[in-house]
Amino acid sequence: MDNCKKFRDLILTDYIDAQLDIAIKTQVEEHLHECASCKAFAQEVKTSLVVPFEKVTRQEVPVYLWQEIEEKIQQQQNLSKSLWDLIQGWMEGITFPKLVPAVCSLAMLVFIGSAIFFNQQIKQAQNREQGSYLAYVLTSEGSTGQASNGDLGTPIEKYFL
Ligand SMILES: [Zn+2]
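Here is what the cut-offs are and how they apply
Residues numbered from 1 in each chain as written. Predicted model: local features only at pLDDT ≥ 70, side-chain atom pairs only at ≥ 80, totals over all residues. pLDDT = per-residue confidence, 0-100. Helix = DSSP H or I, 4+ residues; strand = E, 2+ residues; numbered from the N terminus. Axes fitted to C-alpha atoms, helices over the stretch in contact; angles between N-to-C directions. Parallel < 35°, antiparallel > 145°, perpendicular 65-115°, else oblique. Left-handed = near helix turned anticlockwise from the far one by under 90°. Contact = placed C-beta atoms within 7 Å. Buried ≥ 20, exposed ≤ 12 C-beta atoms within 10 Å, placed from the backbone.

Observations concerning the confidence of the model for the protein
For the protein, the mean per-residue pLDDT works out to 81, and 83% of the residues sit at or above 70. Of all helices and strands in the protein, the one with the weakest mean pLDDT is helix 6 (residues 155-160) (68), whereas helix 2 (residues 22-34) scores best (96).

Shown next as C-alpha cells:
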C-alpha cells in the first residue's frame, strides 16, 4: 500500500510530465502492470490532467498587445536613460577627473590631522589620569596605616580593584 502511494505521487508529478529517470519510469510501469488500482489511477490522471491540454491550441497574441508592451518597455528605458544622462552631466559639471586627486588628498590630510589631534587628546587624558592617580597615591599615603588588615591593601590595589 505504501508502495502504491509512492507510485501515485510519482504518477501525479514527474510521470505525467515525462520527467522521470528511465530506471524509475520502468519501475512505475512495472508496477502499473501488476497493480490494477494504480493502473486505473494513472489512466484517470491522464484523462483528466493530460488529455484536455493536448487539445489546447496555441493562442496568438493580438498585435496591439505586443505594441503596448513594447511601448511600456521603451518608456522605462527612456526614463532610466534620462536619469543616467542627468547623473553623467552632473559628474562632468563638477569636472570629476581633476577633482578626485584634490578631494582625496584633502580627505587624507583631514584624516591624518584628526588622527594626530585625537591621539594628542588621548595622551592628554592619560596624563591627566596619571596625574590624578599620582595625587591620589600621594594624598592617601599618610592614611594607609590600616591598609594591612583591609581587603584592598595598597593604594595601587585600591586604584585598580
Ligand atoms: Zn499500486
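Further notes follow.
Thoughts on the packing of helix 1 (residues 2-15) against helix 3 (residues 36-54)
Packed helix pairs are specified by the crossing angle of their axes together with the interaxial distance, meaning the distance between the axes. Across the interface, helix 1 lies against helix 3 with an axial gap of 10 Å and an inter-helix angle of 15 degrees. On the basis of the axis angle, helix 1 is roughly parallel to helix 3. Seen from above, helix 1 lies across helix 3 with right-handed handedness. The segment helix 1 lies against helix 3, with Cys4, Phe7, Arg8, Ile11 and Leu12 engaging Ser37, Cys38, Phe41, Ala42 and Val45.

Describing unusual backbone geometry
The phi dihedral of alanine 18 falls on the positive side, at around 55 degrees, and the residue is not glycine. Note on alanine 18: 8 C-beta atoms within 10 Å, which makes it exposed.

Examining the packing of helix 1 against helix 2
As a packed pair, helix 1 and helix 2 sit with axes 11 Å apart at the nearest point and diverge in direction by 125 degrees. Judged by the angle between their axes, helix 1 and helix 2 are oblique. The two elements helix 1 and helix 2 cross, and the hand of that crossing is left-handed. Judged by residue contacts, Phe7, Leu10, Ile11 and Tyr15 of helix 1 engage Ile24, Val28 and His31 from helix 2.

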